[in-house]
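Each chain, written out:
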Amino acid sequence: MSVETTPTPEIRDAAIQKALASTPRPPRASALDAALTFGWRGMLKVKHVPEQLLDVTITPVMFVLMFTYLFGGAIAGSTGDYLDYILPGILVMSVLFTTVYSGIAINTDLTKGVVDRFRSLPIWRPAPLVGSLLGDSVRYVVAGTVIVVLGLILGFRPEAGVGGVVAAMALTVVFAFGLSWIFTTLGLLMRSPNAVMNAGFMGIFPLTFLSNVFVEPETLPAGLEWFVNVNPISILADASRGLMEGNADASDITIVLAVAAALTAVFMPLTTRLYRTR
Amino acid sequence: MTSPKPQALAIEAEGLVKSFGETKAVDGVDLSVRGGSVYGVLGPNGAGKTTTIRMLATLLRPDAGSARVLGHDVVEEGDAVRAAVSLTGQMASVDEDLTGRENLVLLGRLLGLKRGAAKERATELLEAFGIAEAAARLVKNYSGGMRRRLDIAASLVVTPQLLFLDEPTTGLDPRSRNQVWDIIRALSSSGTTILLCTQYLEEADQLADGIAVIDHGRVIAEGTPGQLKASVGSGALHVRLLDPDQRPEAEQLLLRNLGGVKLEPDPAALSVGCADGNKAAEALAELARGGVQVADFSLGQPSLDEVFLALTGHPAEEEEKEEQPA
Ligand SMILES: Nc1ncnc2c1ncn2[C@@H]1O[C@H](COP(=O)(O)OP(=O)(O)OP(=O)(O)O)[C@@H](O)[C@H]1O
Ligand SMILES: [Mg+2]
């Protein structure tokens, strides 16, 4: 059988026969390989449409500028002091807001036929979801980096240096990974990407503002103060502030990791089940 | 790669039922498909073809009934089924936001190929299916025919023992349709069992060894294409005249040669049951000798509508259903 060198748009029977004959079935892909491959799929999408990173860069920039200059003077007296307090918080907030997009992305994916193919593959069942969240983690890192760099330009000077900043960012991304399972569950339950967005932000907005990201809880009425103190987002914000300043509380970090693990343990199987049956 | 016993049944389904709310999409479907064959499931919009395929491919859980695919129960042994089958769905089951090559490499990796092997395999398939030139373009910019071919190629990254094809040529022009048919024939001759859903009797006739006709979620007829056509009436010669006034003459001539002439609503057209091309040619020659001028003619197989008319006494009615964009 001869293989022509010039590509032709015609189907070549002989080539198809050959293509069919030459594939012994490889061993099944490992769970990790499958998930990483789906993560790679997410990266490819960013590569083809880099504009989608605008969401995760413009919003944080706006937050930093707005809070530093608009509210900084009023709340903390001077923009410099406030920046040191607020920047780790904005990092947390921006990254957590980005998790809502994971749910929107899953919901959009479901309207496409390719999901049927993924679901008909002999792979670890959560792989498409885990992979897509791993891909999203890259967005979280991008958002985080933009904030830190902008902060440095504006005068933010973290005591703990690069190591502290990286640790804070890593902790935030891990928490975001856990939290995003809630939004993927939502993404599978809701009918349209818009509904996911509305529901998602309706949840994440109050949770973020009722945390210590922007204000010291002592200034709040008692009931509110209690809530702000137990809000995991406050604990995460404390921990990342601590890590950047070099005085992190180990119990804060443990709680954050535990909450992320618990969210994953509950919502990952739920999401996987919904993904399989929807 | 073929199943060890080619005579064994590749699909055995009994009493499959699936409802969506009030709609009984599939209402007791039995199927038996021999290993190595091409089996056509023929039915109009909303008949339940896609729902049946989705149950067999383990994407939907049947409400009742059972099915074994390549010897594995679709509910109890879903993993084993998925490891041996591929699905080319009705909606494009490739990722439109990636390039053709990326789609194939992605699937290769997911199926366990190493990076290099997945790339090689992608190249091989892109060339065999005539999409090499478009390999680096995003699939959303592909033509319908290219997308379909890529979709089928994506099902073959690792050769499946059984391939589900859901309406592979709906919406394609005749040339693309022929290309897809060629692919299906090549696949079949290499030993892959194929379950083919279609709305076209001609497609099932061209490709399938056995056909089940389904309507309202039930199998209403089953057999080889020959048997089915015999029970339906095998085909018709359609003639349109240049001059409608000559119709009575034409009717007489055709009646004498072939019998059973039907007058069409178009005052210049008439048709007559006929399966044999030679006889049709003779009848046309008779018309010419008789001075009847023919504008055009065709020798066609019965349409799906005619099949349904013959099998059920009513034409295939379109189900009220939201068309899913492909
Ligand atoms: N997910 C779903 N939810 C609700 N109804 C559904 C769903 N899937 C299918 N149906 C309904 O079930 C019936 C059978 O649908 P199915 O898609 O199996 O038909 P089909 O033979 O594939 O039709 P087509 O030729 O249009 O693809 C239709 O009435 C359809 O509206
Ligand atoms: Mg269908």
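Residues numbered from 1 in each chain as written. Chains lettered and ligands numbered in written order. Predicted model: local features only at pLDDT ≥ 70, side-chain atom pairs only at ≥ 80, totals over all residues. Heavy atoms only, no water.

This next bit is on the layout of surface pockets. Residue and element names in this part refer to chain A. Its boundaries defined by the atoms lining it, the second largest pocket holds a volume of some 590 Å³. Lining the second largest pocket we find 24 residues, and of these Lys45, Gln52, Tyr101, Ala105 and Arg139 sit closest to its centre. Among the elements of the structure, helix H2 (31-48), helix H4 (79-110) and helix H6 (127-154) are those that each provide at least two residues to the lining of the second largest pocket. Here the residues of the lining of the second largest pocket are counted per class, giving nine nonpolar, seven polar and eight charged. (1 Å grid on protein atoms, 1.4 Å probe; cavity = no way out; pocket = protein on both sides within 12 Å on 5 of 7 lines; lining within 4 Å. Points joined across faces, edges and corners; volume = space filled by probe spheres on them. Helix = DSSP H or I, 4+ residues; strand = E, 2+ residues; numbered from the N terminus. Nonpolar A, V, L, I, M, F, W, Y, C, P; charged D, E, K, R; others polar.)

Once that is clear, we can look at empty space enclosed by the protein. Enumeration over the complete set of coordinates arrives at four cavities of 30 Å³ or more. Of the volumes computed, that of the largest cavity is approximately 80 Å³. Residue lining of the largest cavity: 13 residues in total, with Leu121 of chain A together with Val85, Ser86, Leu111 and Ala154 of chain B positioned closest to the centre. The element that contributes the greatest number of residues to the lining of the largest cavity is strand E6 (residues 85-88) of chain B, accounting for three residues. Per-class residue counts for the lining of the largest cavity are seven nonpolar, three polar and three charged. Phe118, Arg119, Leu121, Ile123, Trp124, Arg125, Pro128, Thr272, Tyr275 and Arg276 of chain A are the residues that line the second largest cavity. Those elements that place two or more of their residues in the lining of the second largest cavity are helix H5 (114-119) and helix H11 (250-277) of chain A. When residues of the lining of the second largest cavity are assigned to their parent elements, the largest contribution, three residues, is made by H11 of chain A. Taken together, the residues of the lining of the second largest cavity sort by class into six nonpolar, one polar and three charged.

Residues and elements named next belong to chain B. The local shell around ligand 1 holds 15 residues, among which Gly46, Thr50, Thr51, Gln90 and Glu167 are the closest. Contact between ligand 1 and Gly48: an oxygen atom at 2.9 Å from a main-chain N or O atom of the residue. In the complex, the protein chains occlude 77% of the 640 Å² of accessible area that ligand 1 would expose alone. For the shell around ligand 1, the elements supplying multiple residues, two or more each, are strand E2 (23-34) and helix H1 (49-56). Considering each element in turn, the shell around ligand 1 owes the most residues, three residues, to H1. Residues that form the shell around ligand 1 fall into these classes: four nonpolar, eight polar and three charged. (Near = heavy atom within 4 Å. Polar contact = N/O pair within 3.5 Å; in protein donor to acceptor, adjacent residues only side chain to side chain. Areas by Shrake-Rupley, 256 points an atom, 1.4 Å probe, with all protein chains shown as cover.)

Turning our eyes to something else, we now look at the coordination of the magnesium ion (ligand 2). Six octahedral donors around a metal ideally make angles of 90 or 180 degrees; four tetrahedral donors ideally make 109.5 degrees. Taken together, the protein donors to the magnesium ion (ligand 2) comprise Thr50 of chain B (OG1) and Gln90 of chain B (OE1), at separations of 1.8 to 2.0 Å. Pair noted here: Thr50 of chain B is in helix H1 and Gln90 of chain B is in the loop between E6 and helix H3 (100-110), with a separation of 40 residues, a long-range link. (Donors = N, O, S within 2.8 Å, 3.2 Å for Na, K, Ca; no water.)

Turning our attention to the interface of chain B and chain A. On the chain A side, the residues contacting the 53 residues of chain B number 44 residues. Carbon and sulfur atoms make up 57% of the area that chain B and chain A hide from each other, which totals about 4,400 Å². Where chain B touches chain A, the interface holds eight salt bridges. The residue Arg54 of chain B makes a salt bridge to Asp116 of chain A at a minimum N-O spacing of 2.4 Å. The tally of links between chain B and chain A comes to 10 residue pairs in polar contact (both at pLDDT 80 or more). Top element by residues in the side of chain B that touches chain A is helix H6 (residues 174-189) of chain B. It accounts for seven residues. Within the side of chain B that touches chain A, the residues separate by chemical class into 28 nonpolar, 10 polar and 15 charged. (Contact = heavy atoms within 4.5 Å. Buried area = accessible area lost by both parts, 1.4 Å probe. Salt bridge = Lys/Arg side-chain N within 4 Å of Asp/Glu carboxyl O.)

Together, Leu32, Leu36 and Leu134 of chain A make up a nonpolar patch on the protein surface, roughly 270 Å² of accessible area in all. For Leu134 of chain A, the position within the fold is in helix H6. (Patch = residues over 30% accessible without salt bridge, like charges linked within 9 Å, V, L, I, M, F, W, Y side chains within 5 Å.)

This brings us to the pairing of strand E9 (residues 210-215) of chain B. Residue and element names in this part refer to chain B. In terms of burial, E9 is largely enclosed, as six of its six residues are buried. The alternating pattern of E9 places Gly210, Ala212 and Ile214 on one face and Ile211, Val213 and Asp215 on the opposite face, and all of these are buried. Bridging between strand E3 (residues 38-42) and E9 involves four bridges; their strand directions are parallel. Bridging from a neighbouring strand, Gly40 pairs with Ile211 of E9. (Buried < 20%, exposed > 50% of the residue type's maximum accessible area, 1.4 Å probe, protein only. Pairing = 2+ DSSP bridges.)

This part is about the nonpolar core. Side chains of nonpolar character tend, in soluble globular proteins, to be buried together. Within the largest apolar cluster, 75 residues are counted, with the highest numbers of intra-cluster contacts made by Leu104, Leu110 and Phe129 of chain B. Among the elements that line this core, the one with the most residues is H6 of chain B, at six residues. Excluding anything up to four places from it in sequence, Leu104 of chain B contacts Ala122, Leu125, Leu126, Leu150, Ala153, Ala154 and Val157 of chain B. Counting 46 residues, the second largest nonpolar core, distinct from the first, contains Leu87, Ile147, Leu179 and Leu263 of chain A. (Core = buried A, V, L, I, M, F, W, Y, C linked by side-chain atoms within 4.5 Å.)

Residue and element names in this part refer to chain B. Of the residues in chain B, 90% have a pLDDT of 70 or more, and the chain-wide mean is 86. Element-level pLDDT for chain B is lowest in helix H11 (residues 304-312), with a mean of 69, against a maximum mean of 96 in H3. Below a pLDDT of 50 lies the segment residues 1-6, which in the model reaches nine contacts outside its immediate sequence neighbourhood of four places, other chains included. In the predicted assembly, ipTM is 0.84 and pTM is 0.82. (pLDDT = per-residue confidence, 0-100.)

On to the side chain of Thr58 of chain B, then. Residues and elements named next belong to chain B. Positionally, Thr58 belongs in the loop between H1 and strand E4 (64-69). Here the side chain of Thr58 touches Arg82 through a polar contact of 2.9 Å, side chain to side chain. Setting aside its immediate chain neighbours within four residues, Thr58 contacts Val74, Gly78, Val81 and Arg82.

Before going further, it helps to spend a moment on unusual backbone geometry. Although it is not a glycine, Thr58 of chain B adopts a positive phi angle of roughly 70°. The buried category is assigned to Thr58 of chain B, whose relative accessible area is 13%.

To continue, consider the sheet that holds strand E10 (residues 218-223) of chain B. All names here are of chain B. Ordered in space as E6-E7-E8-E3-E9-E10, the six strands form an open sheet in which the pairing is mixed. Every interior strand has two partners, whereas the edge strands, E6 and E10, have only one. This sheet shows a mean twist of 15° between the axes of neighbouring strands, independent of strand direction. Relative to E10, E9 runs antiparallel, the two being bridged by five bridges. (Axes fitted to C-alpha atoms, helices over the stretch in contact; angles between N-to-C directions.)

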